Amino acid sequence: MKIDKHLNLVIPIQTDTGLVYIHSAPISRECFEQYFLVISKTFAAIHAEGLGSLAGPRIAYLMLKEIATQMGKWKDVEHGLINEITRLSNAVLLTSSGWKSVPMEVAKTELSEDDFRDFQGYAVFFICVSAMHKKAMVEATMAAMSALWDTLITSLDCTEFVKSLPTSTEIENTGENQVQSSIPA
């Protein structure tokens, strides 16, 4: 099995202060091997309940927590896997000087509790799908998730994603090379 490091999840979240993009990368092979059983059981439970891309992103974190608790491993999963998912995620915020990427751990204070839980659910679902499916199936499943939940899948890392966003600050006009319009103002 290969965990595709070239697909990343981007979650747009509209907050009271504006749009925030959360860029989340998949976990490493080593992290998957450490938590393979809880990830596999979470993935299987989501599909056994018929939830898939329709409801899976909303409940994936809760399903992971329930399964890990049943296994007696929630504290380990919370301190290991959940912290790793958070570490691999960055929030892209609009500032007065343009788009800025900050670690999710720092940015979570900018999000409501509901928005942060949404991020966790989407990210856990993404991790389960990325870890358990072959690449073609990952792309198809995440495309379905994107259509239903307004998320994005990108091969861009966070820095490249930030660079791809439209310019968010006004560009000053120097007055050079201006052509006068013949249309009356």
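Notes on the structure follow. Note that the coordinates shown come from a computational prediction; the quantities given were computed from them, not determined experimentally.

**A short note on the overall build of the protein chain**
The helix and strand tally for the protein chain stands at seven helices and five strands. The 185 residues of the protein chain split such that 47% are buried. Long-range contacts, defined as pairs at least 24 residues apart, comprise 66% of the intrachain contacts of the protein chain with a sequence gap of at least 6.

**A look at the packing of aromatic side chains**
The final tally for this structure, using the stated rule, is five aromatic pairs. Among the aromatic residues, ring-to-ring pairing joins Y21, W99 and F161 into one connected group.

**Describing the nonpolar core**
Across soluble globular proteins, nonpolar side chains have a tendency to be buried as a group. Counting 49 residues, the largest nonpolar core has I27, I39, V77, L81 and I85 as the members making the most contacts within it. Judged by nonpolar contacts, the second largest core, of eight residues, contains V10, V92, V162 and L165.

**Focus on the sheet that holds strand β3 (residues 89-95)**
In any sheet, the strands associate via hydrogen bonds between backbone groups, in a parallel or an antiparallel arrangement. Read from one edge to the other, the open sheet built from five strands follows the order β4-β3-β2-β1-β5, with strand pairing classed as antiparallel. Looking along the sheet, the strands with just one partner apiece sit at the ends: β4 (98-103) and β5 (152-154). Pairwise comparison of adjacent strand axes, ignoring direction, gives a mean angle of 30 degrees for this sheet.

**Quick look at unusual backbone geometry**
Phi is positive for D150, which is not a glycine, with a value near 55 degrees. Along the chain, the position of D150 falls in the loop between α6 (135-149) and β5. Relative accessible area serves as the criterion here: at 56%, D150 is assigned to the exposed category.

**Brief notes about the pairing of strand β1 (residues 8-15)**
Among the eight residues in β1, six count as buried, and that is most of the element. Here three bridges tie β1 to β5, and the two strands are oriented antiparallel to one another. Bridge assignment links L9 to a residue of β5, and that residue is I153. With seven bridges connecting them, β1 and strand β2 (residues 18-24) associate as antiparallel partners. Counted as the bridge partner of P12 is Y21 from β2. Between β1 and β2, which pair antiparallel and follow one another directly, the connecting turn spans two residues.

Conventions used here
- Residues numbered from 1 in each chain as written.
- Predicted model: local features only at pLDDT ≥ 70, side-chain atom pairs only at ≥ 80, totals over all residues.
- Heavy atoms only, no water.
- Helix = DSSP H or I, 4+ residues; strand = E, 2+ residues; numbered from the N terminus.
- Buried < 20%, exposed > 50% of the residue type's maximum accessible area, 1.4 Å probe, protein only.
- Contact = heavy atoms within 4.5 Å.
- Phe/Tyr/Trp six-rings, centres within 6.5 Å; stacked < 30°, edge-to-face > 60°.
- Core = buried A, V, L, I, M, F, W, Y, C linked by side-chain atoms within 4.5 Å.
- Pairing = 2+ DSSP bridges.
- Axes fitted to C-alpha atoms, helices over the stretch in contact; angles between N-to-C directions.

Nothing here speaks to function; it is all geometry.
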